[in-house]
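Residues per chain, in single letters:
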Amino acid sequence: MIGIWLALLVIGPEAAASTGCSPPRPIGGEWVLDSDYPEEARRAGISGAVGIMLQVDNRGCPTGCEFIASSGYRILDDKTCMLMMTRARFRPTLDENWKPIPSTWRRTVYWRL
């Protein structure tokens, strides 16, 4: 089955209500901000990169988060998935008949002090 690439979209309350997804906080298109850095990790001087894969339903809502590559620090890994599950929203991937289908999305989040 051929899918059309996922297009990122931060959706508003009206669109969220129609899809059944709760709307993300309005954060200017970014889903992980400097202010999200876990305080415990900041105090310990911990940084790292977290590779994740989100499972996305046919409405564009994330339904699961898997680690592709751990930062080596559970606090950063868990925070990354929590933020992406809470904030990420997508335009659904479409099949060759333009019908929404489930998909996956991958990203690496870099936590740097």
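The structure displayed is predicted, hence computed values, not measured ones.

Engineer: Whenever I open this one, the overall build of the chain confuses me. Can you help?
Structural biologist: The helix and strand inventory of the chain stands at 3 helices and 7 strands. Within the chain, the fraction of its 113 residues that count as buried is 39%. Within the chain, contacts between residues at least 6 apart in sequence are counted, and of these 65% link residues at least 24 apart.

Engineer: What should I look at first to understand the pairing of strand 3 (residues 62-69) in this one?
Structural biologist: Taken residue by residue, a regular strand's side chains alternate between the two faces of the sheet. Both strand 2 (residues 48-56) and strand 3 contribute to a ladder of 6 bridges, which runs antiparallel. Bridged to Leu54 within strand 3 is Cys65.

Engineer: Would you explain helix 3 (residues 74-87) in this entry?
Structural biologist: Spacing of three or four residues puts side chains on the same side of an α-helix, whose turn is 3.6 residues. Over its 14 residues, helix 3 runs 20 Å from end to end, which matches the ideal 20 Å to within 8%, given 1.5 Å per residue. Where helix 3 is buried, its residues contact helix 2 (39-44), strand 2, strand 3 and strand 7 (103-111).

Engineer: Just to check I follow, could you spell out the pattern of salt bridges for this structure?
Structural biologist: A side chain of one charge can pair with a side chain of the opposite charge if their charged atoms are brought near each other. Taken as a whole, this structure holds 4 salt bridges when the rule is applied. Across the pair Asp36 and Arg87 runs a salt bridge, and its minimum N-O distance is 2.6 Å. Of the two residues, Asp36 sits in the loop between helix 1 (13-19) and helix 2 while Arg87 sits in helix 3, which places them 51 residues apart along the sequence. We note that Asp36, like Arg87, is buried. Put simply, Asp78 and Arg74 hold a salt bridge, and the shortest N to O gap is 3.0 Å. Note that Asp78 and Arg74 are positioned in helix 3 at a spacing of 4 residues, about one turn of the helix. In this structure Asp78 comes out as partly exposed when scored by relative accessible area, which is 33%.

Engineer: Help me understand the side chain of Arg87 in this model?
Structural biologist: On the accessibility criterion, Arg87 (4% relative accessible area) is buried. Within polar-contact distance, the side chain of Arg87 engages the backbone oxygen of Trp31 at 2.9 Å.

Engineer: Whenever I open this one, the nonpolar core confuses me. Can you help?
Structural biologist: The nonpolar side chains of a soluble globular protein tend to be buried, and buried together. Counting residues in each nonpolar core, the largest one holds 18 residues, and the members touching the most others are Leu54, Leu76, Met84, Phe90, Trp105 and Trp111. Going through the elements one at a time, strand 2, helix 3 and strand 7 are the ones with two or more residues in this core.

What counts, and where the lines are drawn
Residues numbered from 1 in each chain as written. Predicted model: local features only at pLDDT ≥ 70, side-chain atom pairs only at ≥ 80, totals over all residues. Heavy atoms only, no water. Helix = DSSP H or I, 4+ residues; strand = E, 2+ residues; numbered from the N terminus. Buried < 20%, exposed > 50% of the residue type's maximum accessible area, 1.4 Å probe, protein only. Contact = heavy atoms within 4.5 Å. Pairing = 2+ DSSP bridges. Expected span 1.5 Å × (residues − 1). Salt bridge = Lys/Arg side-chain N within 4 Å of Asp/Glu carboxyl O. Polar contact = N/O pair within 3.5 Å; in protein donor to acceptor, adjacent residues only side chain to side chain. Core = buried A, V, L, I, M, F, W, Y, C linked by side-chain atoms within 4.5 Å.

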